[in-house]
2 protein chains.
Amino acid sequence: MVLTVTVAEKIRTQFELFTPAERQLANTLIANYPMAGLGTIMELANSAKVSTPTVMRTVKKLGFKGFPLFQNALHEELKQTLSAPIDKHDHWANDVPAEHILNQFATSITSNLRQSLKQLDHKTFDEVVTLLTEKQRSVHIVGGRITHAFADYLQTHLQVIRKDIHMLPASSGLWPHHLLNVQEGDVLVIFDVRRYEADLLELAKLANERNVKIVLFTDQWLSPITSYTTHYFSCRIEAPSGWDSGVVTLFLIESLIAAMEEILWPETSSRLKELEDIFDFTGRFKR
Amino acid sequence: MVLTVTVAEKIRTQFELFTPAERQLANTLIANYPMAGLGTIMELANSAKVSTPTVMRTVKKLGFKGFPLFQNALHEELKQTLSAPIDKHDHWANDVPAEHILNQFATSITSNLRQSLKQLDHKTFDEVVTLLTEKQRSVHIVGGRITHAFADYLQTHLQVIRKDIHMLPASSGLWPHHLLNVQEGDVLVIFDVRRYEADLLELAKLANERNVKIVLFTDQWLSPITSYTTHYFSCRIEAPSGWDSGVVTLFLIESLIAAMEEILWPETSSRLKELEDIFDFTGRFKR
DNA sequence: TAATGTTTGTAAAGATTGTTACAGAGCTTG
DNA sequence: CAAGCTCTGTAACAATCTTTACAAACATTA
């Protein structure tokens, strides 16, 4: 008896047809698969915070006549999984060959993350958080050709958290002009990964001369800008492709934002509320 | 609660104290461990060709108060067996307390990644790669307020790999105008995570009516746009903060790019070379 | 805002499972 | 070889689980 379609696959393909409560169930089931489905229907319902009839309905939608039959299917899968060689367990994406780009990428990225974090000095992290939360300092953000998107992302989030967040224009020709608005003591966040951009280096040099605090996001080979700054993050960017990976960089950005939010929560919460009100008014968002 | 002694070990150490029928049971249990113990007490009794009371007595001899408790023990063991070795990392960043935001974030993100990959249908992934590499299709990219940065990132990379990559303007007022340039059979990549934006939904609807292929990046709760598309990626975005995390989304984008590059390498390599030449000429980059 | 349809949980009925009492089969030993 | 013991299964009981019916909550549409 060979099962061509796993329960997990069934869930995936039918996910859209599910109602909200059913999706919640499906998510917890997938999140803890297949363990979550091995107990009683009540245990499953409780862990997904739904009622037993919801489980019942979901199971029927998946094509099983009743919960016990659903459970049997899981048992069958488990039997096959357990009898398979151990190295198959190490897959990230199930039902996908280990050589698939997804699995390769997942392995690379976690390795990058682990190494970057090992190398990261948490004092630097905490100090940068402090720098960015001090309200008397304006924050200016600039990125390069590739890293422009990260600058954008950081700006979008910081703008909600606090005021005086500025993004430098994409065109480097306008930077000198913008530099006039940068005060001594302000913070300039620079993204620069290989290949390092000459314009950014020039910008950093000028900013440094004006006693601007520079926070640099770079890669493990370190942009030359490091010589102008005391605070930099080196993010591992290796990926199994011709391209570099920005996952670790994004991770650090989000961690920074989270840490800042914790500190500035009183201010953030009111800003967020205002923002929501505005969006509600404009009707741009659903629900 | 750490189980230092597995059920299997208990059985082995007590094997001599068992009666013939009990030994028969123990043997089938060990022979097919732990699967045999996951069904009902009757199923176990049948497969061992003994009676249910015999199972009962054996289970009690092993120190369990009842059959369900015995089964729970097996479940616990299974959970530990099945949980990937990645879980074992208590600390990501060294010399940093586990409660530090960095460690919390790292744990969340890997969990998100694992869960998203579990749920991801690799056929979808491969099909999207195919869609995006077919040269006769133009590719249009659009993001929302937060996800705009991802749209930007995707565009920056795709533009190197192939031609006919277009990014929709940030202002949704211009979208209908831009839609005129979108041909039947083109691909529209949409980023939409909660809170889902009404303008994007409207855009998706219009695009769908024009027979445009829509590829959607959304979160685990699925944007309503899913109803207009056959290809979507649901990325887990939970983070230990008031914000959502885009790390998994970025991961998928990069994986897609890597997969596309592999296919289009001949074309990409020449484009890359041209690009380098241009940059060398402009002198914007440092070696 | 009312009407309609969908979604969801409560609670009770029904089915199944787990447990126990007990009796007979099989051994052992005087 | 029979008394006494252990071992084992049948069958009834008790507990638990699964399923269904129904009504409240919710969203949707006119």
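Residues numbered from 1 in each chain as written. Chains lettered and ligands numbered in written order. Predicted model: local features only at pLDDT ≥ 70, side-chain atom pairs only at ≥ 80, totals over all residues. Heavy atoms only, no water.

**Some remarks on the overall build of chain A**
Working step 1: Counting its secondary structure elements, chain A contains 12 helices and 5 strands.
Working step 2: Taking all 287 residues of chain A together, 53% fall into the buried category.
Working step 3: Looking at chain A alone, contacts between residues at least 24 apart form 66% of all its contacts between residues at least 6 apart.
Working step 4: As presented, chain A carries roughly 13000 Å² of accessible surface, and 54% of it is formed by carbon and sulfur atoms. (Helix = DSSP H or I, 4+ residues; strand = E, 2+ residues; numbered from the N terminus. Buried < 20%, exposed > 50% of the residue type's maximum accessible area, 1.4 Å probe, protein only. Contact = heavy atoms within 4.5 Å. Areas by Shrake-Rupley, 256 points an atom, 1.4 Å probe, with all protein chains shown as cover.)

**Here we look at the sheet that holds strand 1 (residues 139–142) of chain A**
Residue and element names in this part refer to chain A.
Working step 1: With parallel pairing, 5 strands are arranged side by side in an open sheet as 2-1-3-4-5. The outermost strands of the open sheet, each flanked by one partner alone, are strand 2 (165–167) and strand 5 (231–235). Ignoring which end each strand starts from, the neighbouring axes of this sheet average 15 degrees apart.
Working step 2: Note: strand 4 (residues 213–219) against strand 5, 5 bridges, orientation parallel. For Thr218, the partnering residue across the bridge sits in strand 5 and is Ser234.
Working step 3: Sheet contacts for helix 7 (residues 122–133): strand 1, strand 3 (187–191), strand 4 and strand 5; angle to strand 5, the most-contacted strand, approximately 125 degrees. (Pairing = 2+ DSSP bridges. Axes fitted to C-alpha atoms, helices over the stretch in contact; angles between N-to-C directions.)

**Quick word on the pairing of strand 4 (residues 213–219) of chain B**
Residue and element names in this part refer to chain B.
Working step 1: Most of strand 4 is tucked away: 6 of the 7 residues are buried.
Working step 2: Note that strand 3 (residues 187–191) and strand 4 share 5 bridges and pair parallel. Across the sheet, the residue bridging to Phe191 is Phe217, located in strand 4.
Working step 3: Each parallel crossover has a hand, and for strand 3 linked through helix 10 (residues 198–209) to strand 4 it is right-handed. (Right-handed = clockwise from strand over helix to strand, strands pointing away.)

**Notes on the sheet that holds strand 1 (residues 139–142) of chain B**
Residues and elements named next belong to chain B.
Working step 1: Strands sit in the order 2-1-3-4-5 across an open sheet of 5 strands; the sheet is parallel. Two strands close off the open sheet at either side, each with one partner strand: strand 2 (165–167) and strand 5 (231–235). Along the sheet, successive strands turn relative to each other by an average axial angle of 15 degrees, direction set aside.
Working step 2: In this fold helix 8 (residues 148–161) packs onto strand 1, strand 2 and strand 3, with an angle of close to 160 degrees to the strand it touches most, strand 2.
Working step 3: Where helix 10 meets the sheet, its contacts fall on strand 1, strand 3 and strand 4, and the angle it forms with strand 3 comes to roughly 165 degrees.

**Section: empty space enclosed by the protein**
All names here are of chain A.
Working step 1: Within the structure shown, the criterion is met by 4 cavities of 30 Å³ or more.
Working step 2: The calculated volume of the largest cavity comes to roughly 50 Å³.
Working step 3: In this structure, the largest cavity is lined by Ile11, Leu25, Ala26, Leu29, Leu44, Val55, Thr58, Val59, Leu62 and Phe70.
Working step 4: Going through the elements one at a time, helix 2 (20–31) and helix 4 (52–61) are the ones with two or more residues in the lining of the largest cavity.
Working step 5: Partitioned by chemical class, the residues of the lining of the largest cavity number 9 nonpolar, 1 polar and no charged. (1 Å grid on protein atoms, 1.4 Å probe; cavity = no way out; pocket = protein on both sides within 12 Å on 5 of 7 lines; lining within 4 Å. Points joined across faces, edges and corners; volume = space filled by probe spheres on them. Nonpolar A, V, L, I, M, F, W, Y, C, P; charged D, E, K, R; others polar.)

**Quick word on the protein's contact with DNA strand C**
Working step 1: Taken together, 16 residues form the shell around DNA strand C, and within it Thr19 and Ala21 of chain A together with Ile41, Lys60 and Phe67 of chain B come nearest.
Working step 2: Among atoms of DNA strand C positioned within 4 Å of the protein, sugar and phosphate together represent 71%.
Working step 3: At 3.3 Å from a base nitrogen of DNA strand C is found a side-chain nitrogen or oxygen belonging to Arg57 of chain A.
Working step 4: Looking at the surface near DNA strand C, the elements with two or more residues in it are helix 2 and helix 4 of chain A together with helix 3 (41–48), helix 4 (52–61) and helix 5 (67–82) of chain B.
Working step 5: Split by residue class, the surface near DNA strand C holds 9 nonpolar, 5 polar and 2 charged. (Near = heavy atom within 4 Å. Polar contact = N/O pair within 3.5 Å; in protein donor to acceptor, adjacent residues only side chain to side chain.)

**Topic: the protein's contact with DNA strand D**
Working step 1: Near DNA strand D there are 16 residues, and of these Ile41, Lys60 and Phe67 of chain A together with Thr19 and Ala21 of chain B occur at the shortest range.
Working step 2: Counting only atoms of DNA strand D within 4 Å of the protein, the fraction found in sugar and phosphate groups is 70%.
Working step 3: Within the contact set of DNA strand D, a phosphate oxygen lies 2.8 Å away from a backbone nitrogen or oxygen of Phe67 of chain A.
Working step 4: Of all the secondary-structure elements, those providing two or more residues to the surface near DNA strand D are helix 3 (41–48), helix 4 and helix 5 (67–83) of chain A together with helix 2 (20–31) and helix 4 of chain B.
Working step 5: Considered class by class, the residues forming the surface near DNA strand D number 9 nonpolar, 5 polar and 2 charged.

**Here we look at helix 7 of chain A**
Working step 1: With 12 residues, helix 7 of chain A should cover 16 Å at 1.5 Å per step; its first-to-last C-alpha distance of 17 Å lies within 8% of that length.
Working step 2: When we look at burial in helix 7 of chain A, the residues that qualify are Thr124, Phe125, Val128, Val129, Leu131, Leu132 and Thr133 of chain A.
Working step 3: On the buried face of helix 7 of chain A, the contacting elements are strand 1, strand 3, strand 4, strand 5 and helix 11 (247–263) of chain A together with helix 6 (101–119) of chain B. (Expected span 1.5 Å × (residues − 1).)

**A few points about the nonpolar core**
Working step 1: Counting 90 residues, the largest nonpolar core has Val189, Phe233 and Phe251 of chain A together with Val189, Phe233 and Phe251 of chain B as its most contacted members.
Working step 2: With 12 residues, helix 11 (residues 247–282) of chain B is the single largest residue contributor to this core.
Working step 3: Setting aside its immediate chain neighbours within four residues, Val189 of chain B contacts Leu132, Val139, His140, Ile141, Val142, Leu154, Val215 and Phe217 of chain B.
Working step 4: Residues Phe15 of chain A together with Ile11, Met35 and Leu38 of chain B belong to the second largest nonpolar core, which totals 67 residues. (Core = buried A, V, L, I, M, F, W, Y, C linked by side-chain atoms within 4.5 Å.)

**Quick notes on the packing of helix 2 of chain A against helix 3 of chain A**
Residue and element names in this part refer to chain A.
Working step 1: Two elements in contact, helix 2 and helix 3, have axes whose closest approach is 9 Å; the angle formed by their N-to-C orientations is 100 degrees. Our classification of the angle between helix 2 and helix 3 gives roughly perpendicular. Where helix 2 approaches helix 3, its residues Gln24, Leu25, Thr28 and Leu29 are matched on the opposing element by Leu44, Ser47 and Ala48.
Working step 2: Residue classes in the contact of helix 2 with helix 3 are distributed as 4 nonpolar, 3 polar and no charged. (Parallel < 35°, antiparallel > 145°, perpendicular 65-115°, else oblique.)

Remember, this is a structural readout, not a statement about activity or role.
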